[in-house]
Amino acid sequence: MAATALIGGALGATPAAADPAGAPCDPSGTSYRHVVLFTPGTPEWAAAREITRKCGSTDAYYREIGVAVATSADPSFESRFTLERAYSAEKAAKSIAARSRMVETTAEVGARGAAEDLSPRSWDMRQIKADEANKINPGSRRVVVGVLDSGVDADHPDLKAAVDPALSAGCTTGRADQDKPAWMPSNSSHGTHVAGTIAAAKDGQGITGVAPGVRLASVKVVNDDGMIYPESAVCGFMWAGAKGFEVTNSSWFMDPWMFWCKDVAGEKVGHEAVRRAIAYSVRKGSLHVAAVGNSAVDLANTTKDPAKPHPVNENCDEAPAEFAGVVGVSATGYAKKLSGYSSYGKGVVDVTAPGGDGAQPPPAGEGSGCPLSTLPGGRYGTACGTSMASPHAAGVAALLASKYRGAPPQALAWLLGHQADELPCPAGDARCTGAARDNAFFGKGLVNALKAVS
């Protein structure tokens, strides 16, 4: 078994008998995980001592960004810190009906067959010219793409050569765990589907990914309930930065809210913790690519979040797609039109990529309207969503990272947009604003794998 790893150090303090500034600890409540903010650089012992005195135990601490993951059964744990410093998204989720919008419906196509080539059904790869790009440069083994998702099946025949166990980790507890069961999929095919789009092997069988020559790291941030909490996201981005991943893909938004507001007590803690983690990993050289979501809303102008009672304003962001250092990706169908479910937004969408749309079916013989990719257990299936669009863009980014070794993430993001094929706003659609080269639906345009390697 691989050793458990923790970026920033492992702390296991036991709750003390009382908080010096308040009442005695009450261990009778439900135990929840929290993110807790400290001044970046605060020593581990100092963070652990304060958490202990305020009736919690420390599960993980990331000194570089001053973020701790703490567990407490004391109902007053957050108030002891105040909601300016401590927050449990896990606890908040219990009071609302909202669930993760990460999971798309998957239709199984079949299992791996002897010498069966499914590439004729990969219209999505042809749309971004990935099939042509593969002939020139399939990507470098020195480039690693972190798949921050529900786990990747490293035993799938199309993925076993790509997934690097030494760089994979489970992050659902907020602490990186390298034991294989912690980062393999348990009850979701989502991460394996995403991974195949990025780097499925070019071997004449099954499908071929956008960048079949690069390596993948499975970073499991989605728990078995399909939820992604701030502590998981922090762990995932910190792991990516510490391990030097050139690219990551996040086909999800953080639960339990659709938008996290930096002017709302509690929510601001989760927002700031993830912002710090993303900024850290960008400084370490990671380019982050993320889906903008499947709610068909204008992310730049929306005022509502179905999961919360207060309105959404300019201080609220969908995490991680709207954060600095993240490339936001919308979805198109076979006809290169915005997919009916895809969210959009001027200044939020950076590029677009094929995510599929049942209303834009390809001709007979080219598969369904949804992209085909890998599923756990050596299987294949189709799914539609911005979750499927984002890994296409991440794959192209990996090709750029392979060609321009050592290029900073800002340069890779610029190249990704600069080389995209512009898609102007549809005539008469008032929702789409902006020029052909930069608009609310498609950003800089449709990613192009061939231009990335040419």
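Structure: above.
Residues numbered from 1 in each chain as written. Predicted model: local features only at pLDDT ≥ 70, side-chain atom pairs only at ≥ 80, totals over all residues. Heavy atoms only, no water.

Engineer: Looking at this structure, how should I read the overall build of the chain?
Structural biologist: Each helix and strand in the chain was counted, giving twelve helices and 18 strands. Relative to its length of 454 residues, the chain is compact, with a C-alpha radius of gyration of 21 Å against a globular reference of 22 Å. Projected onto the principal axes, the alpha-carbon positions of the chain cover approximately 70 × 50 × 40 Å. Every one of the 454 residues in the chain was classed for burial, and the buried ones make up 60%. Looking at the chain alone, contacts between residues at least 24 apart form 77% of all its contacts between residues at least 6 apart. Accessible surface computed for the chain: about 15,900 Å², of which carbon and sulfur atoms make up 53%. Taking the average place of the 43 positive charges on the side chains of the chain and the average place of its 46 negative ones, the gap between the two points comes to 4 Å. (Helix = DSSP H or I, 4+ residues; strand = E, 2+ residues; numbered from the N terminus. Rg over C-alpha atoms; globule rule 2.2 N^0.38 Å. Buried < 20%, exposed > 50% of the residue type's maximum accessible area, 1.4 Å probe, protein only. Contact = heavy atoms within 4.5 Å. Areas by Shrake-Rupley, 256 points an atom, 1.4 Å probe, with all protein chains shown as cover. Lys, Arg positive; Asp, Glu negative; His and termini not counted. Charge placed at Lys NZ, Arg CZ, Asp CG, Glu CD.)

Engineer: Where do I start with the state of the cysteines in this structure?
Structural biologist: Every disulfide links exactly two cysteines, by a covalent bond between their sulfur atoms. All told, the structure shown has five disulfides when counted by the stated rule. Each disulfide of the chain joins two cysteines, and with those cysteines numbered along the sequence the arrangement is 1-2, 3-4, 5-6, 7-8, 9-10. (Disulfide = S-S within 2.5 Å.)

Engineer: Quick question: what am I supposed to make of the packing of aromatic side chains here?
Structural biologist: Aromatic rings in a pair are described by how distant their centres are and how their planes are angled relative to each other. Applying the stated criterion across every chain, the model contains eight aromatic pairs. A ring pair is formed by Phe441 and Phe442, whose centres lie 5.8 Å apart and whose planes are at 90°; its orientation type is edge-to-face. By relative accessible area, which is 1% here, Phe441 ends up buried. You can call Phe442 buried: its relative accessible area is 2%. Each residue in the set Phe38, Tyr61, Phe77 and Phe81 is aromatic and connected to the rest through ring pairs, giving one cluster. Here Lys54 stacks its cationic end above the ring of Phe81, 4.6 Å away from the centre of that ring. Between the NZ or CZ atom of Arg85 and the centre of the ring of Phe38, over which it lies, the distance is 5.0 Å. (Phe/Tyr/Trp six-rings, centres within 6.5 Å; stacked < 30°, edge-to-face > 60°. Lys NZ or Arg CZ within 6 Å of the ring centre and 35° of its normal.)

Engineer: Where do I start with the layout of surface pockets in this structure?
Structural biologist: Taking a probe equal in size to a water molecule and rolling it over the atoms shows the remaining empty space. There is about 230 Å³ of room inside the largest pocket. Along its surface, the largest pocket is lined by 15 residues, and Ser119, Asp131, Asn134, Lys202 and Thr208 are the ones closest to its centre. Among the secondary structure elements, those contributing two or more residues to the lining of the largest pocket are helix H4 (123-127) and helix H5 (130-136). Tallying contributions element by element places H5 first for the lining of the largest pocket, with three residues. Looking at the lining of the largest pocket residue by residue, the classes come out as three nonpolar, eight polar and four charged. Counted as a void, the second largest pocket has a volume near 160 Å³. (1 Å grid on protein atoms, 1.4 Å probe; cavity = no way out; pocket = protein on both sides within 12 Å on 5 of 7 lines; lining within 4 Å. Points joined across faces, edges and corners; volume = space filled by probe spheres on them. Nonpolar A, V, L, I, M, F, W, Y, C, P; charged D, E, K, R; others polar.)

Engineer: In this structure, what is going on with the sheet that holds strand E13 (residues 326-332)? I would like to understand it.
Structural biologist: Strand pairing in a sheet takes place through backbone hydrogen bonds and is either antiparallel or parallel in direction. The seven strands are arranged E7-E8-E6-E9-E11-E13-E14 in an open sheet whose pairing can be described as parallel. Strand pairing shows two members of the sheet lacking a second neighbour, strand E7 (169-170) and strand E14 (351-354), which therefore form its edges. Relative to strand E8 (residues 215-220), E7 runs parallel, the two sharing two bridges. Bridged to Ala169 within E8 is Val219. (Pairing = 2+ DSSP bridges.)

Engineer: Help me understand the packing of helix H8 (residues 230-243) against helix H9 (residues 267-283) in this model?
Structural biologist: In a packed pair of helices, the relevant descriptors are the angle between the two axes and the axis-to-axis distance. Interhelical geometry of H8 versus H9 gives an angle of 10° and a closest axis separation of 8 Å. Considering their axes alone, H8 and H9 lie roughly parallel with respect to each other. In this structure, H8 uses Pro230, Ala233, Val234, Phe237, Met238, Gly241 and Ala242 to contact H9, whose residues at the interface are Gly270, Ala273, Val274, Ala277, Ile278, Tyr280 and Ser281. Looking at the contact of H8 with H9, its residues break down into eleven nonpolar, three polar and no charged. (Axes fitted to C-alpha atoms, helices over the stretch in contact; angles between N-to-C directions. Parallel < 35°, antiparallel > 145°, perpendicular 65-115°, else oblique.)

Engineer: I keep staring at the pairing of E14 and nothing clicks. Help me out?
Structural biologist: Within a regular beta strand, the side chains point alternately toward one face of the sheet and then the other, so they alternate between its two faces. Side chains Val351 and Ala353 of E14 all project onto a buried face; the interleaved residues Thr352 and Pro354 project onto the opposite face, where all are buried too. In terms of strand pairing, E13 meets E14 through four bridges, oriented parallel. The residue of E14 that forms the bridge with Thr332 is Pro354.

Engineer: Got a minute to help me understand helix H1 (residues 44-53) in this structure?
Structural biologist: The periodicity of an α-helix, 3.6 residues per turn, causes residues three or four places apart in sequence to face the same way. By the burial criterion, the buried members of H1 are Ala46, Ala47, Ala48, Ile51 and Thr52. Where H1 is buried, its residues contact strand E2 (57-62), strand E3 (67-72) and helix H2 (77-81). One or two positions beyond H1, positive phi appears at Cys55, with a value near 80°.

Engineer: Can you walk me through the sheet that holds strand E5 (residues 106-111) in this structure?
Structural biologist: The strand order across the open sheet formed by three strands is E5-E16-E15, and the pairing between neighbours is antiparallel. Edge positions in the open sheet fall to E5 and strand E15 (372-375), since each of these has one partner strand only. Direction aside, the axes of adjacent strands within the sheet are offset by 35° on average. Here E5 pairs with strand E16 (residues 379-383) via five bridges, running antiparallel. Residue pairing across strands places Ala111 opposite Arg379, the latter belonging to E16. Strands in contact with helix H7 (residues 190-199) are E15 and E16; relative to E15, the strand with the most contacts, it is inclined by about 125°.

Engineer: Looking at this model, I keep getting lost on the environment of Ile198. Mind explaining?
Structural biologist: Inspection of the secondary structure puts Ile198 in helix H7. Among the residues examined, Ile198 registers a relative accessible area of 0% and is labelled buried. For the pair Ile198 and Lys91, spaced 107 residues apart in sequence, the C-alpha separation works out to 34 Å.

By themselves, these figures tell us nothing about what the structure is for.
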